[in-house]
Amino acid sequence: MSRPHPMQLPPAARSRTVTAVLGPTNTGKTHLAIERMLAQKSGLIGLPLRLLAREVYAKVVDRAGVDAVALITGEEKVIPKAPRYWVSTVEAMPLDLQTGFVAIDEVQLAGNLDRGHVFTDRVLNLRGQSETLLLGSMTVRPLLEKLIPGLNVVTRPRMSVLTYAGSKKVSRLPARSAIVAFSSDEVYGIAELIRRQRGGAAVVLGSLSPRTRNAQVELFQNGDVDHLVATDAIGMGLNLDVDHIAFAGTRKYDGYQYRQLTPAEMGQIAGRAGRHTRDGTFGVTGRVDPPDDELVERIESHQFNGLKVLQWRNSALDFSSISALKRTLDSAPREDGLARAPISDDVSALEHLTRQADIVDMARGRREVELLWDVCQVPDYRKIAPANHGDLLCSIFSHLIQDGNIDEDWFTRQLAFADRVDGDIDTLANRIAHVRTWTFVANRQDWLADPDHWQGVTRGIEDRLSDALHDRLTQRFVDRRTSVLMRRLRENAMLEAEITSSGDVLVEGQHIGNLLGFRFAPDAGADGPDAKTVRAAAQIALATEIESRADKLSRSENPDFILTADGSIRWRGEAVAKLVASDDVLAPSALLLADENLSGPAREKVQERIDLWVKAQIELLLKPLVDLKAGEGLDGLARGVAFQIVEGLGILERQDAAEDIRQLDQDMRASLRKYGVRFGAYTIFVPSLLKPAPSQLLAQLWALKNDSLDMNGLAELPQLSASGRTSIPVDTSISPALYKVVGFRVCGGRAVRVDILERLADLIRPLISWKPLDKEVAPPEGAIEQGGGFTVTVAMTSLLGCAGEDFAEVLTSLGYRFETKEVQRPVVKKASDSAEAPATESAAAPADASGEKTDAPAEQVAGSEPEANADGSADDVAPSEAAEDPAPEASVAADNEAPAAEGGASETESAAELAEGEMETVEIQIWRPGRSDRRPRNRGQDNRRGDNRKGAGRGDKRAHGGKGGPGGKPHKGKGGAGGGPRRDKAPAKDKPIDPDSPFAALMALKENMNSKDKS
């Protein structure tokens, strides 16, 4: 920075080459200065803001070329080898240049308490060789004419009309408006409000870096946003396309106190409305009271009181000593119209530094004092505290005196504090203020060993921080999507829309939401009034797409649709409808998931196609139920049973319709079998409905009817049959009714597939009915010598996939009761065992460590039909039904082992050897059909068989002795658990058989057949 010449121009010599061009805003004064400077061989123009200097520099470069123009500000120097024109801030104007032209803009700032003395010095002492222009407001004219005798004054009228538009809410401000507030909190709050309601706003604050302010102004200038929120910084010569200025405040803090804006200041700000010949308006917003008529008239007519004094500080300083420097700084002006400027930051810094003894010791000569004053000129951009800034200047001065320049390691450490782009708006702004100090220092050519390098480093850091700050401001205060859409809608232009394969809706390149089937979901970021704008754009952009989708859906094949677990109907992966319950569980309704964009004939086509698919899906997967519901060929009781099966969604417990089923003749049964109905010992069911797909659909229809689509287990249970599971542990959080719907019967702690229960009954039935016609014939595995009961076999436990107490619970829940009995059997030794060990285990293959047996294969879901009856008809009921005695309920569970029949050895003993002559006593469980209290009595008979025998009741500790059953610990070597239907009125073992009964004849026939085989 060049040192001002100590000689000041006398008043008589000040008017040489000087012309004052005065007038309100929008008079073209700056444009005139550029034109006049370019007409000269060389020129210098001083501007009030670094931002405005950048703007003028760009314009001059466009006209004269980059090699002919230099830019000088406190934090930036762009100086080509031989510049002809110099653009600078007023404070940074090089005073040792000799140029043909000099211009100083906004000279009325000479009255500013902070910066006024610098403007005053330039106005009074800096001159061009051929021409000097002083540009400013009419308020400074009287003082200029007094201080510069013979001054040539040219006034310029405003090129457009400025009028008062009254008070308006922020949300109702017209496009191209600038809202002026006087604190960062107010600016941010207003910008946030405008973003929500109008798409966004640019933000201009005095604390922003010039690069950030330029970027924000560009948002407004190029039309990305229609509103600008700023402090009074926009009144200082910024050329903006503003049509309306709205004052959101009329009080400001001027560095000394809060005060009301002067009429001239309001006029300077309001005058930014209107550009060239386009008229402008001004008004108030928010809680600001409307101005009185007199003030409005003064602003509209640009009539303001003149400045009373210009701020002045002596520029002819004496650097012979610190005391001489202070004395010359304290000099008072000797001319009327000048006032000594208040103590400024550089003078305060000088006072702080000279209180340090070591600084005073180092500043002994003229060069050192002059350097000390230069250090005090470093601006306090950080604004932390005067003492903090003073300490920083002490460090800089000490480095310069002791080392000749600033230590680069120390300088690097200072920069490191600011070289980060994370953080919020305030954090980034503070870092920019910090680095601007070092940018200023780096631009002093003699303070660093390599100033050019450090200028690039500091400028790079400031640029990165400025860009990051611009991004944060834009993210917070600008909704680009809404801004673009609003502008296009105002232009009434055809919107360019694109819908991606994932359903993202882009309008004019902006993401506005997603098309989900036939519903448009606005972007979650759009709320309040933004949502209306987005929906308006969507209405225009999506009309054709919705129509096209409706046409495609109406012509789609059935595989294009699926029904999801939550009852939604998806077309090509997108939810288009949802099932809702109706009076008929097999005929639900389909509710379209569509908004108002789908309407008219297109909506009718979609509804018809979806209804058709729902009907076809139910008829395909649930055909037996649909046919049973129609009941063609069914008469009388058969139709009634079919109705009950349909009501139970394919599952009817036999005990619930025992009387009706008992009265069905073979023709009625056959007619029901044609529809796939199977008559089981425990359940009347349709095996084909137990498959995963029908089971899933039945579960959904049932849950839909019961308004329980979110119930636990709805998605998992129907898939169990596909996995091959024949029984599963009962989850108490799942409704028992849901188990029944998907084909499982809850039996104690296990749920067993109903078809597996029928297969279990098929295993138990012949064991119960077996009779020892020949004592030499060993009973089949699981039968007992006396008959009428059974012991559990491996086949039973493997079938159900459970054993032990779980199996016992199943049998007990089906109505079977057990008794324990001690029997003698040979000691079993494994052939591979070398040591003696008592063979207390059954010869049957044990379960694994978990007690689980291998699951039955999936193809066993539908049990096979039993053999035909003697008359050639088929039935699935137990022989007990022939005697009209209800079959006991059966289920799934068993012990880990299946003991040998009473008094005999198991058939699996091929892998073991019997210890010759050794016998052992073991305890086994014998299961027999018992009376279930839920079953109806048989023809009024009081049949209590099994009620009083040992272990008759589950949980009866006196009967079980605390052991041997589900309520106690199993005995080692005992039999497992199994079940089967009750035989009807089988003779007790202590009661002789009636020789006239059909059972006696059957036993005699069997005995004769065995005799023939032996012979």
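Everything numeric in this text was worked out from a predicted model, so none of it was measured. (Residues numbered from 1 in each chain as written. Predicted model: local features only at pLDDT ≥ 70, side-chain atom pairs only at ≥ 80, totals over all residues. Heavy atoms only, no water.)

## Here's the deal with the overall build of the protein chain
Alright, step 1. For the protein chain, the count of helices and strands is 32 helices and 34 strands.
Alright, step 2. Looking at the protein chain as a whole, 52% of its 1015 residues qualify as buried.
Alright, step 3. For the protein chain, the accessible surface area stands at approximately 45500 Å², while carbon and sulfur atoms represent 50% of it. (Helix = DSSP H or I, 4+ residues; strand = E, 2+ residues; numbered from the N terminus. Buried < 20%, exposed > 50% of the residue type's maximum accessible area, 1.4 Å probe, protein only. Areas by Shrake-Rupley, 256 points an atom, 1.4 Å probe, with all protein chains shown as cover.)

## What to know about a negative patch on the surface
Alright, step 1. Negative charge collects at one region of the surface, where D403, D407, E408, D409, D450 and D452 lie side by side.
Alright, step 2. For D450, the position within the fold is in the loop between α15 (425-442) and α16 (451-477). (Patch = residues over 30% accessible without salt bridge, like charges linked within 9 Å, V, L, I, M, F, W, Y side chains within 5 Å. Salt bridge = Lys/Arg side-chain N within 4 Å of Asp/Glu carboxyl O. Lys, Arg positive; Asp, Glu negative; His and termini not counted. Charge placed at Lys NZ, Arg CZ, Asp CG, Glu CD.)

## Remarks on the environment of D762
Alright, step 1. Along the polypeptide, D762 turns up in helix α27 (residues 754-769).
Alright, step 2. Note on D762: relative accessible area 29%, which makes it partly exposed.
Alright, step 3. Note: C-alpha distance between D762 and G680 (82 residues apart in sequence) is 9.8 Å.

## Here's the deal with the sheet that holds strand β30 (residues 727-729)
Alright, step 1. Across the sheet, which stays open at both edges, the three strands sit in the order β30-β32-β31 with antiparallel pairing between neighbours. In the strand order of this sheet, the two ends are held by β30 and β31 (744-747), each with one partner. Within this sheet the neighbouring strands show an average axis-to-axis angle of 25 degrees, counted without direction.
Alright, step 2. Pairing between β30 and strand β32 (residues 750-753): three bridges, direction antiparallel. Across the sheet, S727 pairs through a bridge with V752, a residue of β32.
Alright, step 3. Sheet strands in contact with α27 are β31 and β32, and its direction is about 80 degrees off that of β32. (Pairing = 2+ DSSP bridges. Axes fitted to C-alpha atoms, helices over the stretch in contact; angles between N-to-C directions. Contact = heavy atoms within 4.5 Å.)

## Some thoughts on the sheet that holds strand β6 (residues 101-104)
Alright, step 1. Pairing is mixed in the open sheet, where eight strands are placed in the order β4-β3-β5-β2-β6-β7-β1-β8. The sheet terminates laterally at β4 (76-78) and β8 (152-155), the two strands that pair on one side only. Strand after strand, the sheet turns through a mean of 15 degrees between neighbouring axes, direction not considered.
Alright, step 2. Judged from the five bridges that link them, strand β2 (residues 43-47) and strand β5 (residues 85-89) form a sheet pairing that is parallel. Its bridge partner being in β5, L44 is matched across the sheet by W86.

## Examining helix α24 (residues 692-705)
Alright, step 1. With 14 residues, α24 extends 20 Å between its outermost C-alpha atoms, agreeing within 8% with the 20 Å of an ideal straight helix rising 1.5 Å per residue.
Alright, step 2. With respect to burial, α24 is a largely interior element, 11 of its 14 residues being buried.
Alright, step 3. Listed in full, the buried residues belonging to α24 are P694, S695, Q696, L697, L698, A699, Q700, L701, W702, A703 and L704.
Alright, step 4. Of the surrounding elements, those touching the buried residues of α24 are β23 (561-563), β25 (574-580), α19 (600-621), α20 (623-630) and α26 (736-741).
Alright, step 5. With its phi angle positive at about 55 degrees, D707 sits one or two positions after the end of α24. (Expected span 1.5 Å × (residues − 1).)

## Things to note about the side chain of S315
Alright, step 1. Tracing the chain through its elements places S315 in the loop between β17 (310-312) and α9 (322-329).
Alright, step 2. A polar contact is formed between the side chain of S315 and the side chain of D121, at a distance of 2.9 Å. (Polar contact = N/O pair within 3.5 Å; in protein donor to acceptor, adjacent residues only side chain to side chain.)

## Topic: the packing of aromatic side chains
Alright, step 1. In this structure the tally under the stated criterion is 10 aromatic pairs.
Alright, step 2. With a centroid separation of 5.5 Å and an interplanar angle of 85 degrees, the aromatic rings of W410 and W438 are classed as edge-to-face. Placement of the pair is W410 in helix α14 (residues 408-416) and W438 in helix α15, with a sequence separation of 28 residues.
Alright, step 3. Accessibility expressed as a relative area gives 12% for W410, which makes it buried. (Phe/Tyr/Trp six-rings, centres within 6.5 Å; stacked < 30°, edge-to-face > 60°.)

## Let's talk about helix α29 (residues 804-813)
Alright, step 1. The buried fraction of α29 amounts to seven of the 10 residues, a majority that puts the element mostly inside the structure.
Alright, step 2. All of the buried residues along α29 are G804, F807, A808, E809, V810, L811 and T812.

## Description of unusual backbone geometry
Alright, step 1. The residue K383 is not glycine, and still its phi comes out positive at about 55 degrees.
Alright, step 2. Non-glycine residue R572 carries a positive phi angle of around 55 degrees.
Alright, step 3. Secondary-structure assignment places R572 in the loop between β24 (568-571) and β25.

## Section: the nonpolar core
Alright, step 1. Counting residues in hydrophobic clusters, the biggest one holds 67 residues, and the most contacted among them are I610, L628 and L672.
Alright, step 2. Residues in contact with L628, not counting those within four places in the same chain, are L634, A642, I645, V646, L672, Y675, V677 and V686.
Alright, step 3. The next biggest cluster of nonpolar side chains, apart from the first, holds 64 residues, and it includes L317, V347, F440 and L473. (Core = buried A, V, L, I, M, F, W, Y, C linked by side-chain atoms within 4.5 Å.)

## Concerning the packing of helix α6 (residues 210-221) against α16
Alright, step 1. With their axes 8 Å apart at the nearest point, α6 and α16 run at an angle of 35 degrees to one another. In this structure, α6 meets α16 at a crossing whose hand is right-handed. Across the interface between the two elements, P210, R211, T212, A215, Q216 and L219 from α6 touch E462, D463, S466, D467, L469, H470, L473 and T474 from α16. (Left-handed = near helix turned anticlockwise from the far one by under 90°.)

## Structural notes on the packing of α19 against α24
Alright, step 1. Direction vectors running N to C along α19 and α24 enclose 125 degrees, while the axes themselves pass 9 Å from each other. The angle between α19 and α24 falls in the class oblique. Helix-helix and strand crossings are classified by hand; for α19 and α24 the assignment is left-handed. Where α19 approaches α24, its residues Q617, I618 and L621 are matched on the opposing element by A693, P694 and L697.
Alright, step 2. Across the contact of α19 with α24, the residue classes tally to five nonpolar, one polar and no charged. (Parallel < 35°, antiparallel > 145°, perpendicular 65-115°, else oblique. Nonpolar A, V, L, I, M, F, W, Y, C, P; charged D, E, K, R; others polar.)

## So, the pairing of strand β22 (residues 519-522)
Alright, step 1. Sheet analysis places strand β21 (residues 510-516) next to β22, joined by four bridges and oriented antiparallel. Bridge pairing in β22 links L516 to R519.
Alright, step 2. Between β21 and the antiparallel strand that follows it, β22, lie two residues; G517 among them carries a positive phi value of about 70 degrees.

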